[in-house]
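# Survey of secondary and tertiary structure
Chain by chain, the residues:
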Number of protein chains: 4
Amino acid sequence: MNRDASRVETFSDGVFAVVLTVMAVELLQNGPARDPGTQLPDALVHAWPTYLAYVITFGIAGQIWLGHHNMWRYVVRVDQVLLMFNLLVLLFVAAIPFTADLLSDNLRGSETEQRLTAALYLGTVLGESLFFNLSWWWARRRRLLHPDLDPQLARAVSRRLVVRPLLYTIAFASVFVDPILSLLLYLLLLVGLSLIRRPGDLPRSASAEAGGEVSGRGR
Amino acid sequence: MNRDASRVETFSDGVFAVVLTVMAVELLQNGPARDPGTQLPDALVHAWPTYLAYVITFGIAGQIWLGHHNMWRYVVRVDQVLLMFNLLVLLFVAAIPFTADLLSDNLRGSETEQRLTAALYLGTVLGESLFFNLSWWWARRRRLLHPDLDPQLARAVSRRLVVRPLLYTIAFASVFVDPILSLLLYLLLLVGLSLIRRPGDLPRSASAEAGGEVSGRGR
Amino acid sequence: MNRDASRVETFSDGVFAVVLTVMAVELLQNGPARDPGTQLPDALVHAWPTYLAYVITFGIAGQIWLGHHNMWRYVVRVDQVLLMFNLLVLLFVAAIPFTADLLSDNLRGSETEQRLTAALYLGTVLGESLFFNLSWWWARRRRLLHPDLDPQLARAVSRRLVVRPLLYTIAFASVFVDPILSLLLYLLLLVGLSLIRRPGDLPRSASAEAGGEVSGRGR
Amino acid sequence: MNRDASRVETFSDGVFAVVLTVMAVELLQNGPARDPGTQLPDALVHAWPTYLAYVITFGIAGQIWLGHHNMWRYVVRVDQVLLMFNLLVLLFVAAIPFTADLLSDNLRGSETEQRLTAALYLGTVLGESLFFNLSWWWARRRRLLHPDLDPQLARAVSRRLVVRPLLYTIAFASVFVDPILSLLLYLLLLVGLSLIRRPGDLPRSASAEAGGEVSGRGR
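Values in this document were obtained by computation on a predicted structure and should not be read as measured data.

### A short note on the overall build of chain A
Scanning chain A from N- to C-terminus turns up 7 helices and 0 strands. Ordered by position from N to C terminus, the α and β elements of chain A give α-α-α-α-α-α-α. Looking at the 219 residues of chain A, the share that counts as buried comes to 59%. Surface accessibility of chain A: about 8500 Å² in total, with carbon and sulfur atoms responsible for 66%.

Here's what the structure looks like:
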């Protein structure tokens, strides 16, 4: 029965792996050495938005992968709806390199450009977090999780997960006030959320018992 | 013995994962920020065929992945012919981003262009569904399926699978009457087929017993 | 102990999956819809070398994947040298899309172009088959294969494997006589080799006993 | 419990597989057949930096994969920090095609260009080896390794791993003396390091007992 969940993980990992390296293809093709006119140091400095987009994509997609990894550890069975929700999560994840690239290209553009690209970027992250919540909610409702998972822990995970789309919505709404403020708010949230010790996380140290409830699952 | 089937799944998942994200590379490279002349909002709106192709590719390849996942759960052994059929399925799957992109680029073109690109797109999907049927038929004939699989269920799956290429052939033929009608027909079929509860599907809820017949397979 | 071999397979499958879909990226970017001047049907027909390269790459890389899959079923342990040989196999496999594309682009070129691109293509396939043979030879010599594998079968597989680089060398040498003849010879060999029933292959039907000697390996 | 480590390996393998084949996409797109003006042989020769970058990327990323494979064999559990360190290793690995391409493009450039691109390339390799060391150090400290792993072996692996960033730092520093000398030094180190028989390596022959201490782990 484990099996279905494990193939979904392999497949999702493939998508994440390609998303993380898509920006490396972009780096190669926007390589400054391609422009014969300019000096190399200038050209390298000039391409900074691509590097920024590379780091943003890696940071965000990496963090989403960590969350995905944490959640799917508890899933032992899958059904059609859960797979559909997971595909929709991946649809938004795969759009992150595009919106991160747009965003970093227009950070110094006009306010309309900033607003539009920040909205697109935050919309992508918001869409991902919404469907991520839906997949956890569905897995709980349909009892697809590990039977030994503490129901209290499952509820705590739900509460924690729901915080992300709520805060992203606030960041998204504030784009229409000030795009740069909205991105700063988003970064603050991101760093804040990853520092808080959360229930259902992987244990921070091996001696922690938090992961013990699924230890009987093995492979 | 499980092993062969599981490596085929890993390999196919890799191909599916890249296919889903190939359009993300295309999004990046057709990024509107690359054209310095036009305004960003106009440029973004102008690139709508690429977004459409991204969503079509994700939708179709995602659905084919679901079907592939459903079928291969039952396969416990592989032989050369089955691997060959699976490679041919993947050959057509990997061509979907190209034909979807062509199609969305020419949706507002002349009737010849619409007809040609709709025919190419439907031909790709038809080819995939034909070889998918062949692989199920071969796996049944050569007894490569799980021995505990109910023969009645296997027959029901066969009947269901054969519907897809038949309906795709009709959509394909109607391209020569009216290309847009043909695509609408195709979309209708797609949505219709995914709404109907089918035998051999993953259970929609965890309490359903439909998946139980292979539960002893484990991993 | 199984474990090492299984991770090598996952990794190699990833490389094969990307190689198979690399040409799909190329199809997208050479998409005829990008040239506004010409008619779509003409543009599509004009791009035939890219389609040919796509099919060649899929055919060859798919066949090599089948061979890789067949061989690695018998490997239960790995050492540094075997991993190195496997990486060199993958180095040549990953160059196939490039040389196949060059070849199909220059099929109607001057004789120098035909000769050069046919030599490059055949050299890539030759390099892959050499290192593939080396990895089988090393795995046998260092007893990395399944202990229950019939030594007679192992010898038969060695004999069969060594045929490929020998015949490729002949095809490679005949490039300097006539490039087109050399490619025809190569295709003939390819089809011939895949039709002959060979020892150590996956059984063609499930009732065949050829795969039975490793059935105890499980997973 | 094995499970977490095994998903991390699948994911990392996906990234490595794409990185190895990213240069193949670059080969295709810098294909000399694209330039109609020049002769094919000249164009092929002219593109040598791309081939060099392809081989460098394959060589380096392949070697890092071997090291990654060696290390993760001993890891049985993961925590958030270890996953973060692993993501940072992958961030630097995915940048290798870009910096290797820059480097090979500028090998015959001015001294400033040589210095800058050599520094970027060596910086990427240095960053990777630093985070690789950090992940081993963390896995040891947090007792995420296999309990039967000989502590003396673990210490020996640590000592060996720490040599790489130290030597890379020397190569990095010597860029500011002479860029070409620095690269030669780096190549010498690379070949030297891979020839020395090191504790914790995969056994070179199957009869070696070095890998025995984790043989009970199975899968």
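### A few points about the packing of helix 4 (residues 80-105) of chain B against helix 5 (residues 111-141) of chain B
Residue and element names in this part refer to chain B. One way to put it is that helix 4 packs onto helix 5 with a least axis distance of 8 Å and a crossing angle of 160°. Viewed along their axes, helix 4 and helix 5 adopt a mutual orientation that is roughly antiparallel. The handedness of the crossing between helix 4 and helix 5 comes out as left-handed. A breakdown of the residues in the contact of helix 4 with helix 5 according to their chemical character gives 20 nonpolar, 6 polar and 1 charged.

### A few points about helix 5 (residues 111-141) of chain A
The terminal C-alpha atoms of helix 5 of chain A, which comprises 31 residues, lie 44 Å apart, in line with the 45 Å expected from a rise of 1.5 Å per residue. Positive backbone phi, at 55°, marks Arg143(A), one or two positions downstream of helix 5 of chain A.

### Looking at the confidence of the model for chain A
The predicted coordinates of low-pLDDT regions are not to be read in fine detail. For chain A, mean pLDDT is 79; residues scoring 70 or higher make up 82% of the total. Of the regions scoring below 50 in pLDDT, residues 204-219 of chain A engages in 42 contacts with residues more than four places distant in sequence or in other chains.

### Quick word on the packing of aromatic side chains
Taken as a whole and assessed by the stated rule, the structure comprises 44 aromatic pairs over all chains. Consider the rings of Phe85(D) and Trp138(D), whose centres lie 6.3 Å apart with planes at 80°: the pair is edge-to-face. With a gap of 53 residues between them, Phe85(D) in helix 4 (residues 80-105) and Trp138(D) in helix 5 (residues 111-141) connect regions that are remote in the sequence. A residue is classified by how much of its surface remains accessible, and Trp138(D), at 9% relative accessible area, is buried. An aromatic cluster is defined as three or more aromatic residues linked by ring pairs; in this entry it consists of Phe85(A), Phe92(A), Phe131(A), Trp137(A) and Trp138(A).

### Observations concerning the pattern of salt bridges
All told, the structure shown has 16 salt bridges over all chains when counted by the stated rule. Arg7(D) is the partner of Asp13(A) in a salt bridge, and the nearest nitrogen-oxygen pair spans 2.7 Å. In this pair, Asp13(A) is assigned in helix 1 (residues 2-29) and Arg7(D) in helix 1 (residues 2-29), connecting two distinct chains. Arg7(D) shares its class with Asp13(A); the two are buried.

### Thoughts on a nonpolar patch on the surface
Together, Val162(A), Val163(A) and Leu166(A) give the surface a local cluster of nonpolar side chains, amounting to about 230 Å² of exposed area. Within the fold, Val163(A) resides in helix 6 (residues 151-174).

### Notes on the packing of helix 5 of chain D against helix 6 (residues 151-174) of chain D
Residue and element names in this part refer to chain D. One way to put it is that helix 5 packs onto helix 6 with a least axis distance of 9 Å and a crossing angle of 160°. Comparing their axes, helix 6 and helix 5 come out roughly antiparallel. Crossing angle aside, the handedness with which helix 5 passes helix 6 is left-handed. For the pair helix 5 and helix 6, the contacting residues are Ala119, Leu122, Gly123, Val125, Leu126, Glu128, Ser129, Leu130, Phe132, Asn133, Trp136 and Arg140 in the first and Ala154, Arg155, Val157, Ser158, Leu161, Val162, Arg164, Pro165, Tyr168, Thr169, Ala171 and Phe172 in the second.

### As for the environment of Ala47(B)
Residue and element names in this part refer to chain B. Relative to the elements of secondary structure, alanine 47 occurs in the loop between helix 2 (40-46) and helix 3 (48-72). Judged by its relative accessible area of 11%, alanine 47 falls in the buried class. Separated by 130 residues in sequence, alanine 47 and valine 177 have C-alpha atoms that sit 29 Å apart.

### Quick look at unusual backbone geometry
The phi angle at Arg143(A) is positive, at roughly 55°, despite the residue not being glycine. For Arg143(A), the location among the structural elements is in the loop between helix 5 and helix 6.

### Examining the side chain of Arg7(C)
On the basis of relative accessible area, Arg7(C) is assigned to the buried category, the value being 4%. Side-chain polar atoms of Arg7(C) contact the side chain of His68(D), separated by 3.0 Å. Not counting residues within four places of it along the chain, the set of residues in contact with Arg7(C) comprises Glu9(D), Ser12(D), Asp13(D), Trp65(D), His68(D), His69(D) and Trp72(D).

### Some words on the environment of Ile180(B)
Residue and element names in this part refer to chain B. By the secondary structure assignment, isoleucine 180 is in helix 7 (residues 179-195). Given a relative accessible area of 36%, isoleucine 180 falls into the partly exposed group. Setting aside anything within four residues of it in sequence, one finds isoleucine 180 in contact with Leu107 and Gln114.

### With respect to the environment of Phe131(B)
Residue and element names in this part refer to chain B. Relative to the assigned elements, phenylalanine 131 resides in helix 5. Separated by 36 residues in sequence, phenylalanine 131 and leucine 167 have C-alpha atoms that sit 15 Å apart. In this view, phenylalanine 131 contacts Phe85, Leu88, Val89 and Phe92; residues no more than four positions away in its chain are not counted.

Calculation rules
- Residues numbered from 1 in each chain as written.
- Chains lettered and ligands numbered in written order.
- Predicted model: local features only at pLDDT ≥ 70, side-chain atom pairs only at ≥ 80, totals over all residues.
- Heavy atoms only, no water.
- Helix = DSSP H or I, 4+ residues; strand = E, 2+ residues; numbered from the N terminus.
- Buried < 20%, exposed > 50% of the residue type's maximum accessible area, 1.4 Å probe, protein only.
- Areas by Shrake-Rupley, 256 points an atom, 1.4 Å probe, with all protein chains shown as cover.
- Axes fitted to C-alpha atoms, helices over the stretch in contact; angles between N-to-C directions.
- Parallel < 35°, antiparallel > 145°, perpendicular 65-115°, else oblique.
- Left-handed = near helix turned anticlockwise from the far one by under 90°.
- Nonpolar A, V, L, I, M, F, W, Y, C, P; charged D, E, K, R; others polar.
- Expected span 1.5 Å × (residues − 1).
- pLDDT = per-residue confidence, 0-100.
- Contact = heavy atoms within 4.5 Å.
- Phe/Tyr/Trp six-rings, centres within 6.5 Å; stacked < 30°, edge-to-face > 60°.
- Salt bridge = Lys/Arg side-chain N within 4 Å of Asp/Glu carboxyl O.
- Patch = residues over 30% accessible without salt bridge, like charges linked within 9 Å, V, L, I, M, F, W, Y side chains within 5 Å.
- Polar contact = N/O pair within 3.5 Å; in protein donor to acceptor, adjacent residues only side chain to side chain.

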